[in-house]
Amino acid sequence: RMVQPAFTRKQLGTYAEMMVDETRAVREEWQPGREVDMGREMVDLTLRIVCRTLFSYRIDERTDQVAKAMRTLNGAQATLNLTPEWLPTPGRIRANRAIGLLDSIIYDIIDQRRNAPDTAEQPHDLLQRLIAAEDSEDPDSRLSDREIRDQLMTLFLAGHETTSHALTWTWYLLARNPEVEEKLHRELDQVLAGRTPGYEDLPELPYTEQILKEAMRIYPPAYVLARRADRDTEIGGYPVPEGSEVVLWLYMSHHDARWFPEPETFRPERFEGEALQQMPKLAWLPFGGGPRACIGSEFALTEARLILATLAQSFRPRMVSNQGVDARPAITLAPADPVKMTLEPLQPPA
(Lines give C-alpha, C1' and ligand atoms only; values in the text may rest on other atoms or scores of the structure.)
Protein backbone atom coordinates (compact mmCIF):
# COMPACT_ATOMS: atom_id res chain seq x y z
CA ARG A 1 0.00 0.00 0.00
CA MET A 2 2.87 2.38 0.71
CA VAL A 3 4.59 1.61 -2.58
CA GLN A 4 1.53 1.62 -4.85
CA PRO A 5 1.22 5.45 -5.22
CA ALA A 6 4.69 5.52 -6.78
CA PHE A 7 3.36 3.56 -9.77
CA THR A 8 0.21 5.50 -10.67
CA ARG A 9 -0.38 6.68 -14.23
CA LYS A 10 0.38 10.26 -13.20
CA GLN A 11 3.73 9.22 -11.74
CA LEU A 12 4.56 7.17 -14.83
CA GLY A 13 4.17 10.30 -16.93
CA THR A 14 6.76 12.03 -14.76
CA TYR A 15 9.09 9.06 -14.84
CA ALA A 16 8.82 8.85 -18.63
CA GLU A 17 10.61 12.18 -19.06
CA MET A 18 13.56 10.89 -17.01
CA MET A 19 13.54 7.55 -18.83
CA VAL A 20 13.80 9.28 -22.20
CA ASP A 21 16.42 11.70 -20.90
CA GLU A 22 18.68 8.85 -19.75
CA THR A 23 18.09 6.94 -23.00
CA ARG A 24 18.97 9.98 -25.12
CA ALA A 25 22.26 10.21 -23.23
CA VAL A 26 23.06 6.62 -24.19
CA ARG A 27 22.04 7.28 -27.80
CA GLU A 28 24.47 10.18 -27.93
CA GLU A 29 27.26 8.02 -26.51
CA TRP A 30 26.72 5.25 -29.05
CA GLN A 31 29.02 5.57 -32.05
CA PRO A 32 28.13 4.10 -35.47
CA GLY A 33 30.08 0.92 -36.12
CA ARG A 34 30.97 0.45 -32.46
CA GLU A 35 30.77 -3.08 -31.02
CA VAL A 36 28.92 -3.34 -27.70
CA ASP A 37 27.81 -5.94 -25.20
CA MET A 38 24.10 -5.21 -25.49
CA GLY A 39 23.27 -6.90 -22.19
CA ARG A 40 25.74 -4.67 -20.39
CA GLU A 41 24.43 -1.56 -22.14
CA MET A 42 20.86 -2.32 -21.12
CA VAL A 43 21.82 -3.14 -17.51
CA ASP A 44 23.64 0.18 -17.15
CA LEU A 45 20.75 2.14 -18.66
CA THR A 46 17.94 0.52 -16.69
CA LEU A 47 19.96 0.78 -13.47
CA ARG A 48 20.42 4.52 -13.96
CA ILE A 49 16.72 4.89 -14.71
CA VAL A 50 15.44 3.02 -11.64
CA CYS A 51 17.81 4.92 -9.34
CA ARG A 52 16.87 8.30 -10.77
CA THR A 53 13.11 7.78 -11.01
CA LEU A 54 12.40 5.94 -7.75
CA PHE A 55 15.24 7.19 -5.52
CA SER A 56 16.39 10.48 -7.15
CA TYR A 57 19.92 9.08 -6.99
CA ARG A 58 22.69 9.23 -9.58
CA ILE A 59 24.61 5.96 -9.76
CA ASP A 60 26.55 6.49 -12.98
CA GLU A 61 30.01 5.94 -11.51
CA ARG A 62 29.00 2.69 -9.74
CA THR A 63 27.07 0.83 -12.44
CA ASP A 64 30.05 -1.45 -13.15
CA GLN A 65 30.22 -2.51 -9.51
CA VAL A 66 26.48 -3.11 -9.28
CA ALA A 67 26.38 -5.14 -12.50
CA LYS A 68 29.19 -7.35 -11.21
CA ALA A 69 27.45 -7.78 -7.83
CA MET A 70 24.23 -8.75 -9.59
CA ARG A 71 26.00 -11.41 -11.65
CA THR A 72 27.59 -12.79 -8.48
CA LEU A 73 24.25 -12.98 -6.64
CA ASN A 74 22.52 -14.58 -9.61
CA GLY A 75 25.20 -17.24 -9.80
CA ALA A 76 25.08 -17.90 -6.06
CA GLN A 77 21.29 -18.21 -5.97
CA ALA A 78 21.25 -20.59 -8.91
CA THR A 79 23.96 -22.88 -7.50
CA LEU A 80 23.08 -25.74 -5.17
CA ASN A 81 25.21 -25.47 -2.01
CA LEU A 82 24.93 -28.40 0.40
CA THR A 83 27.60 -27.17 2.82
CA PRO A 84 26.60 -25.72 6.23
CA GLU A 85 25.67 -22.03 6.09
CA TRP A 86 28.45 -21.13 8.52
CA LEU A 87 31.14 -22.55 6.23
CA PRO A 88 32.88 -19.70 4.32
CA THR A 89 33.05 -21.28 0.87
CA PRO A 90 34.48 -19.13 -1.96
CA GLY A 91 31.03 -18.74 -3.52
CA ARG A 92 29.47 -17.73 -0.22
CA ILE A 93 32.24 -15.18 0.39
CA ARG A 94 31.69 -13.65 -3.06
CA ALA A 95 27.93 -13.50 -2.48
CA ASN A 96 28.34 -11.80 0.91
CA ARG A 97 30.69 -9.24 -0.61
CA ALA A 98 28.14 -8.54 -3.34
CA ILE A 99 25.39 -8.05 -0.76
CA GLY A 100 27.71 -5.79 1.23
CA LEU A 101 28.33 -3.61 -1.83
CA LEU A 102 24.62 -3.27 -2.59
CA ASP A 103 23.89 -2.55 1.07
CA SER A 104 26.49 0.21 1.12
CA ILE A 105 24.87 1.88 -1.89
CA ILE A 106 21.32 1.58 -0.57
CA TYR A 107 22.14 2.72 2.95
CA ASP A 108 24.02 5.65 1.39
CA ILE A 109 20.86 6.58 -0.54
CA ILE A 110 18.82 6.45 2.69
CA ASP A 111 21.42 8.43 4.69
CA GLN A 112 21.61 11.18 2.09
CA ARG A 113 17.84 11.63 2.18
CA ARG A 114 17.51 11.50 5.97
CA ASN A 115 20.37 13.96 6.45
CA ALA A 116 19.22 16.44 3.81
CA PRO A 117 18.81 19.97 5.23
CA ASP A 118 15.31 20.78 6.45
CA THR A 119 15.26 23.67 4.02
CA ALA A 120 15.88 21.37 1.06
CA GLU A 121 12.86 20.50 -1.09
CA GLN A 122 12.48 16.72 -0.96
CA PRO A 123 11.62 14.82 -4.15
CA HIS A 124 8.18 13.22 -4.33
CA ASP A 125 9.62 9.80 -5.11
CA LEU A 126 9.24 6.30 -3.74
CA LEU A 127 12.08 6.71 -1.25
CA GLN A 128 10.45 9.78 0.29
CA ARG A 129 7.15 7.92 0.62
CA LEU A 130 8.85 5.15 2.56
CA ILE A 131 10.74 7.54 4.83
CA ALA A 132 7.60 9.54 5.59
CA ALA A 133 5.31 6.52 5.94
CA GLU A 134 3.48 6.13 9.24
CA ASP A 135 1.84 3.14 10.88
CA SER A 136 -1.92 3.75 10.78
CA GLU A 137 -2.19 2.31 14.30
CA ASP A 138 0.85 4.14 15.67
CA PRO A 139 1.53 7.55 14.04
CA ASP A 140 4.85 7.83 15.90
CA SER A 141 6.11 4.59 14.35
CA ARG A 142 8.17 4.93 11.16
CA LEU A 143 9.99 2.41 9.04
CA SER A 144 13.50 1.64 10.23
CA ASP A 145 16.50 1.98 7.93
CA ARG A 146 16.57 -1.81 7.67
CA GLU A 147 12.90 -1.98 6.64
CA ILE A 148 13.42 0.74 4.03
CA ARG A 149 16.56 -1.03 2.86
CA ASP A 150 14.59 -4.24 2.34
CA GLN A 151 11.99 -2.46 0.20
CA LEU A 152 14.61 -0.58 -1.81
CA MET A 153 16.71 -3.71 -2.34
CA THR A 154 13.73 -5.52 -3.86
CA LEU A 155 12.93 -2.63 -6.22
CA PHE A 156 16.60 -1.92 -6.87
CA LEU A 157 17.21 -5.45 -8.11
CA ALA A 158 13.85 -6.33 -9.66
CA GLY A 159 13.39 -2.85 -11.10
CA HIS A 160 16.25 -2.99 -13.56
CA GLU A 161 17.57 -6.50 -14.18
CA THR A 162 14.41 -8.06 -15.58
CA THR A 163 13.79 -5.08 -17.87
CA SER A 164 17.38 -5.12 -19.09
CA HIS A 165 17.08 -8.81 -19.99
CA ALA A 166 13.78 -8.19 -21.80
CA LEU A 167 15.41 -5.46 -23.88
CA THR A 168 18.55 -7.49 -24.60
CA TRP A 169 16.48 -10.42 -25.88
CA THR A 170 14.39 -7.95 -27.92
CA TRP A 171 17.45 -6.53 -29.71
CA TYR A 172 18.68 -10.08 -30.35
CA LEU A 173 15.34 -11.19 -31.82
CA LEU A 174 15.02 -8.05 -33.96
CA ALA A 175 18.49 -8.63 -35.43
CA ARG A 176 17.46 -12.19 -36.38
CA ASN A 177 14.07 -11.13 -37.79
CA PRO A 178 14.65 -8.19 -40.16
CA GLU A 179 11.05 -8.16 -41.40
CA VAL A 180 9.84 -7.46 -37.86
CA GLU A 181 12.52 -4.82 -37.41
CA GLU A 182 11.49 -3.13 -40.65
CA LYS A 183 7.85 -2.98 -39.50
CA LEU A 184 9.00 -1.44 -36.21
CA HIS A 185 10.89 1.30 -38.03
CA ARG A 186 7.90 2.05 -40.25
CA GLU A 187 5.74 2.57 -37.16
CA LEU A 188 8.34 4.81 -35.48
CA ASP A 189 8.76 6.88 -38.64
CA GLN A 190 5.03 7.27 -39.16
CA VAL A 191 4.18 8.20 -35.57
CA LEU A 192 7.27 10.10 -34.44
CA ALA A 193 8.75 11.40 -37.71
CA GLY A 194 12.17 11.65 -36.10
CA ARG A 195 11.19 13.32 -32.82
CA THR A 196 11.91 11.73 -29.45
CA PRO A 197 9.00 9.68 -28.09
CA GLY A 198 7.10 10.71 -24.98
CA TYR A 199 4.66 9.04 -22.63
CA GLU A 200 1.71 10.39 -24.63
CA ASP A 201 3.00 8.65 -27.80
CA LEU A 202 2.89 5.14 -26.38
CA PRO A 203 -0.77 4.40 -27.29
CA GLU A 204 0.17 5.20 -30.90
CA LEU A 205 3.02 2.66 -30.91
CA PRO A 206 1.16 -0.67 -30.63
CA TYR A 207 3.64 -2.69 -32.66
CA THR A 208 6.51 -1.52 -30.46
CA GLU A 209 4.61 -2.94 -27.49
CA GLN A 210 3.77 -6.17 -29.33
CA ILE A 211 7.46 -6.74 -30.10
CA LEU A 212 8.40 -6.45 -26.43
CA LYS A 213 5.56 -8.71 -25.32
CA GLU A 214 6.54 -11.37 -27.84
CA ALA A 215 10.18 -11.16 -26.73
CA MET A 216 9.04 -11.65 -23.11
CA ARG A 217 6.94 -14.61 -24.24
CA ILE A 218 9.89 -16.38 -25.83
CA TYR A 219 12.41 -15.32 -23.18
CA PRO A 220 10.46 -14.40 -20.01
CA PRO A 221 12.99 -12.74 -17.66
CA ALA A 222 11.09 -14.16 -14.67
CA TYR A 223 10.61 -17.66 -16.05
CA VAL A 224 9.32 -19.33 -12.87
CA LEU A 225 6.88 -18.14 -10.23
CA ALA A 226 6.32 -19.57 -6.75
CA ARG A 227 3.12 -19.35 -4.69
CA ARG A 228 2.13 -20.91 -1.36
CA ALA A 229 -1.26 -22.59 -1.04
CA ASP A 230 -3.31 -20.91 1.72
CA ARG A 231 -5.68 -23.89 1.94
CA ASP A 232 -5.95 -27.52 0.88
CA THR A 233 -6.78 -27.68 -2.82
CA GLU A 234 -6.29 -29.72 -5.98
CA ILE A 235 -4.52 -28.81 -9.22
CA GLY A 236 -4.88 -31.01 -12.28
CA GLY A 237 -5.97 -33.94 -10.16
CA TYR A 238 -3.05 -33.63 -7.74
CA PRO A 239 -3.72 -32.83 -4.08
CA VAL A 240 -1.99 -29.66 -2.82
CA PRO A 241 -1.94 -29.42 1.00
CA GLU A 242 -2.19 -26.07 2.75
CA GLY A 243 1.26 -24.49 3.09
CA SER A 244 2.69 -26.26 0.03
CA GLU A 245 4.82 -24.23 -2.34
CA VAL A 246 3.63 -24.43 -5.94
CA VAL A 247 6.11 -23.50 -8.67
CA LEU A 248 4.69 -22.33 -12.00
CA TRP A 249 7.03 -22.71 -14.97
CA LEU A 250 5.99 -19.67 -17.00
CA TYR A 251 8.51 -20.55 -19.69
CA MET A 252 6.58 -23.75 -20.41
CA SER A 253 3.24 -21.92 -20.60
CA HIS A 254 4.77 -19.37 -22.97
CA HIS A 255 6.00 -22.16 -25.24
CA ASP A 256 2.83 -24.26 -25.18
CA ALA A 257 1.65 -24.74 -28.77
CA ARG A 258 -1.97 -24.90 -27.57
CA TRP A 259 -1.83 -21.19 -26.79
CA PHE A 260 1.00 -20.11 -29.10
CA PRO A 261 1.20 -22.05 -32.40
CA GLU A 262 4.81 -22.41 -33.62
CA PRO A 263 5.98 -21.22 -30.21
CA GLU A 264 9.64 -20.77 -31.20
CA THR A 265 8.71 -18.32 -33.98
CA PHE A 266 9.07 -14.62 -33.19
CA ARG A 267 5.65 -13.26 -34.19
CA PRO A 268 4.61 -10.00 -32.48
CA GLU A 269 1.23 -10.13 -34.24
CA ARG A 270 0.14 -12.68 -31.62
CA PHE A 271 -0.61 -9.68 -29.41
CA GLU A 272 -2.96 -7.80 -31.72
CA GLY A 273 -6.59 -8.00 -32.76
CA GLU A 274 -8.33 -11.35 -32.98
CA ALA A 275 -5.21 -13.33 -32.04
CA LEU A 276 -5.03 -11.47 -28.73
CA GLN A 277 -8.74 -11.97 -28.10
CA GLN A 278 -8.36 -15.73 -28.51
CA MET A 279 -5.38 -15.95 -26.14
CA PRO A 280 -6.33 -17.37 -22.71
CA LYS A 281 -6.12 -14.69 -20.03
CA LEU A 282 -3.26 -16.29 -18.11
CA ALA A 283 -1.30 -17.83 -20.98
CA TRP A 284 1.13 -14.86 -20.98
CA LEU A 285 2.47 -14.19 -17.48
CA PRO A 286 5.86 -12.41 -17.49
CA PHE A 287 4.66 -10.28 -14.56
CA GLY A 288 2.66 -12.98 -12.80
CA GLY A 289 -1.07 -12.61 -12.24
CA GLY A 290 -3.73 -12.03 -9.63
CA PRO A 291 -3.46 -9.78 -6.56
CA ARG A 292 0.26 -10.48 -6.20
CA ALA A 293 1.24 -9.66 -9.76
CA CYS A 294 4.33 -7.48 -10.22
CA ILE A 295 3.61 -4.01 -8.84
CA GLY A 296 6.01 -2.46 -11.35
CA SER A 297 4.66 -4.04 -14.53
CA GLU A 298 3.42 -0.77 -16.07
CA PHE A 299 6.65 0.95 -15.04
CA ALA A 300 8.66 -1.76 -16.80
CA LEU A 301 6.55 -1.74 -19.98
CA THR A 302 6.66 2.05 -20.16
CA GLU A 303 10.42 2.05 -19.70
CA ALA A 304 11.05 -0.73 -22.22
CA ARG A 305 8.85 0.84 -24.91
CA LEU A 306 10.49 4.26 -24.55
CA ILE A 307 14.00 2.79 -24.60
CA LEU A 308 13.31 0.64 -27.66
CA ALA A 309 11.62 3.46 -29.57
CA THR A 310 14.31 6.03 -28.72
CA LEU A 311 17.31 3.88 -29.61
CA ALA A 312 15.74 2.20 -32.65
CA GLN A 313 15.22 5.64 -34.22
CA SER A 314 18.98 5.92 -34.70
CA PHE A 315 20.41 2.39 -34.78
CA ARG A 316 19.87 -1.12 -36.13
CA PRO A 317 22.07 -3.26 -33.85
CA ARG A 318 23.50 -6.25 -35.69
CA MET A 319 24.88 -9.48 -34.22
CA VAL A 320 28.65 -9.73 -34.47
CA SER A 321 28.36 -13.51 -34.89
CA ASN A 322 25.72 -15.51 -36.73
CA GLN A 323 25.64 -18.03 -33.91
CA GLY A 324 22.55 -18.15 -31.73
CA VAL A 325 22.53 -17.11 -28.09
CA ASP A 326 21.57 -19.65 -25.45
CA ALA A 327 19.53 -18.73 -22.38
CA ARG A 328 20.96 -19.25 -18.89
CA PRO A 329 18.25 -19.95 -16.31
CA ALA A 330 19.39 -18.55 -12.97
CA ILE A 331 17.26 -16.23 -10.84
CA THR A 332 16.27 -14.62 -14.13
CA LEU A 333 16.52 -15.85 -17.71
CA ALA A 334 19.65 -14.13 -18.98
CA PRO A 335 21.75 -14.74 -22.09
CA ALA A 336 24.38 -17.39 -21.35
CA ASP A 337 27.08 -15.35 -23.11
CA PRO A 338 27.56 -11.65 -23.90
CA VAL A 339 25.29 -10.49 -26.71
CA LYS A 340 27.87 -8.77 -28.90
CA MET A 341 26.30 -6.39 -31.40
CA THR A 342 27.53 -3.77 -33.87
CA LEU A 343 25.72 -0.43 -33.82
CA GLU A 344 24.67 0.04 -37.42
CA PRO A 345 23.35 3.59 -37.96
CA LEU A 346 19.84 4.15 -39.25
CA GLN A 347 19.19 6.80 -41.83
CA PRO A 348 16.67 9.39 -40.57
CA PRO A 349 13.27 9.49 -42.36
CA ALA A 350 13.14 11.74 -45.42
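In this report, we go over the structure that sits alongside the text. The numbers attached to residues start from 1 for each chain and follow its sequence in the written order. Only residues with pLDDT of 70 or above have their local features reported here, since the model is predicted, and side-chain atom pairs are shown and tallied only from 80 upward, although totals for entire chains, interfaces and linings are computed over all residues. In computing side-chain properties, one takes all heavy atoms of the structure into account and sets aside hydrogens as well as water.

**Focus: the side chain of R149**
Step number 1: Here R149 lies in helix α6 (residues 145-158).
Step number 2: Only 2.7 Å separates the side chain of R149 from the side chain of D103, close enough to count as a polar contact.
Step number 3: Should any heavy atoms of two residues lie within 4.5 Å, those residues are counted as being in contact. Setting aside anything within four residues of it in sequence, one finds R149 in contact with I99, D103, I106, Y107 and I110. A run of H or I in DSSP becomes a helix once it reaches four residues, and a run of E becomes a strand once it reaches two; helices and strands are each numbered from the N terminus. Each polar contact in these results corresponds to two N or O atoms within 3.5 Å; when the atoms are within protein, one needs to be able to donate a hydrogen and the other to accept it, and residues that are neighboring in sequence are counted only if both atoms are side-chain atoms.

**Details of the packing of aromatic side chains**
Here a ring pair, both rings aromatic, is described through the centre-centre distance and the interplanar angle of the planes.
Step number 1: The criterion for an aromatic pair is that two Phe, Tyr or Trp rings (for Trp, the six-membered ring) have centres within 6.5 Å, with stacked assigned to planes under 30 degrees apart, edge-to-face to planes over 60 apart and tilted to the rest. Tallied over the full model, the rule gives 8 aromatic pairs.
Step number 2: The interplanar angle of 70° and the centroid separation of 5.6 Å between the aromatic rings of Y15 and F299 together place this pair among those described as edge-to-face. Residue Y15 is located in helix α1 (residues 9-29), and its partner F299 is located in helix α12 (residues 297-312); the two are separated by 284 residues in the primary sequence.
Step number 3: Note on Y15: relative accessible area 2%, which makes it buried.
Step number 4: Taken together through their ring pairs, the aromatic side chains of F7, Y15 and F299 make up a single cluster.
Step number 5: A cation over an aromatic ring shows up here: R217 above the ring of F260, its NZ or CZ 5.1 Å from the ring centre. Per-residue accessibility, obtained with a 1.4 Å probe over protein chains only, is compared with the maximum for each type, and a residue is labelled buried under 20%, exposed over 50%, and partly exposed between these values. We count a charge as sitting over a ring when the NZ of a lysine or the CZ of an arginine lies within 6 Å of the ring centre and within 35 degrees of the ring normal.

**Quick look at the pattern of salt bridges**
Step number 1: In what follows, salt bridge is the name for a side-chain nitrogen of Lys or Arg lying within 4 Å of a carboxyl oxygen of Asp or Glu. A complete count under the given rule lists 25 salt bridges for this structure.
Step number 2: R149 is paired through a salt bridge with D103; the nearest N and O atoms lie 2.7 Å apart. Of this pair, R149 sits in helix α6 while D103 is found in helix α4 (residues 90-114), placing the two residues 46 residues apart along the sequence. Across this residue pair, the class does not change: R149 and D103 are buried.
Step number 3: E214 is the partner of R217 in a salt bridge, and the nearest nitrogen-oxygen pair spans 2.7 Å. On the criterion of helical spacing, the pair formed by R217 and E214 is a turn pair, its members being 3 residues apart in helix α9 (residues 206-218). Here the two residues R217 and E214 agree in accessibility, since each one is buried.
Step number 4: The network of salt bridges with shared partners includes D21, E22, R24, R48, R52 and R58.

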